[in-house]
Amino acid sequence: MNQRYGIFWSAMGWAYVSYCSADEREVIRRMTWSSGAPSAKTAANLARVNAKIEQTRRNRFAAIRLVPSDVYRRFAIPILEQGTNDHVLGVLFLRWFPSAMTTAQATSRYLDLM
């Protein structure tokens, strides 16, 4: 709570941007790109953004490892308005210690329950 996570810097952000409308996605990408935020470099690379969106949609979740020393692993899924594929109401994420399980184990165990 009370924390900001960059759209192109977090699993929650990627889950959101991968399922929002194309128009909204482009606005977010351009705003991030022009903001000078740490993730502006990613936002500027349209090919990379599109590849990550395709991967997220194919997997049905977004996962990201921030830095090697990051003590948590996480994955996130969008909460979509019923009957839509591009109206994101929110994002649900799971965070765990990597010593407990791998990302593959976590998604295998919890993705369908979410």
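Everything below is about the structure printed above this text.
Residue numbers restart at each chain and count upward from 1, following the sequence in its written direction. This being a predicted model, a pLDDT of at least 70 is required before a residue's local features are given, and a value of 80 or more before pairs of side-chain atoms are given or counted; all residues contribute to the totals for chains, interfaces and linings. Each side-chain value is worked out from all heavy atoms of the structure, with water and hydrogens disregarded.

1. Points about the overall build of the chain
Okay, so step 1: To qualify as a helix, a DSSP run of H or I must reach at least 4 residues; to qualify as a strand, a run of E must reach at least 2; elements of each kind are numbered from the N terminus. Across its full length, the chain carries five helices and three strands.
Okay, so step 2: Here the C-alpha atoms of the chain give a radius of gyration of 14 Å, agreeing with the 13 Å that 2.2 N^0.38 yields for 114 residues.
Okay, so step 3: Its C-alpha atoms give the chain principal-axis dimensions of about 40 × 40 × 30 Å.
Okay, so step 4: By the convention used here, residues are in contact when the closest approach between their heavy atoms is within 4.5 Å. A fraction of 47% describes how many contacts in the chain between residues 6 or more apart in sequence connect residues 24 or more apart.
Okay, so step 5: All accessibility values rest on the Shrake-Rupley procedure with a 1.4 Å probe; residue burial counts only the protein chains present in the view. Here the chain has roughly 7500 Å² of accessible surface; of this, 53% comes from carbon and sulfur atoms. For a compact globule the rule gives 2.2 Å times the number of residues to the power 0.38, and the radius of gyration it is set against comes from C-alpha atoms.

2. Concerning the packing of aromatic side chains
Okay, so step 1: Pairing of aromatic rings covers Phe, Tyr and the six-membered ring of Trp, with a centre-to-centre limit of 6.5 Å; geometry is then stacked below 30 degrees between planes, edge-to-face above 60, and tilted otherwise. Inspection of every chain in the model, using the stated rule, returns four aromatic pairs.
Okay, so step 2: Note on Tyr-72 and Phe-97: the rings are 5.2 Å apart at their centroids and 35° apart in plane angle, and the pair reads as tilted. In this pair, Tyr-72 is assigned in the loop between strand S1 (62-63) and strand S2 (73-80) and Phe-97 in the loop between strand S3 (88-96) and helix H5 (103-110), connecting sequence segments 25 residues apart.
Okay, so step 3: Classification of Tyr-72 by relative accessible area gives partly exposed; the value is 24%.
Okay, so step 4: An aromatic cluster is defined as three or more aromatic residues linked by ring pairs; in this entry it consists of Phe-61, Phe-75 and Trp-96.
Okay, so step 5: Two conditions define a charge sitting above a ring: the NZ of Lys or the CZ of Arg must be within 6 Å of the ring centre, and it must be within 35 degrees of the ring normal. Of note, Arg-95 hangs over the ring of Tyr-72, and the distance from its end group to the ring centre comes to 4.0 Å. Only protein chains enter the calculation, and the probe is 1.4 Å; a residue is then buried if its accessible area is under 20% of its type maximum, exposed if over 50%, and partly exposed in between.

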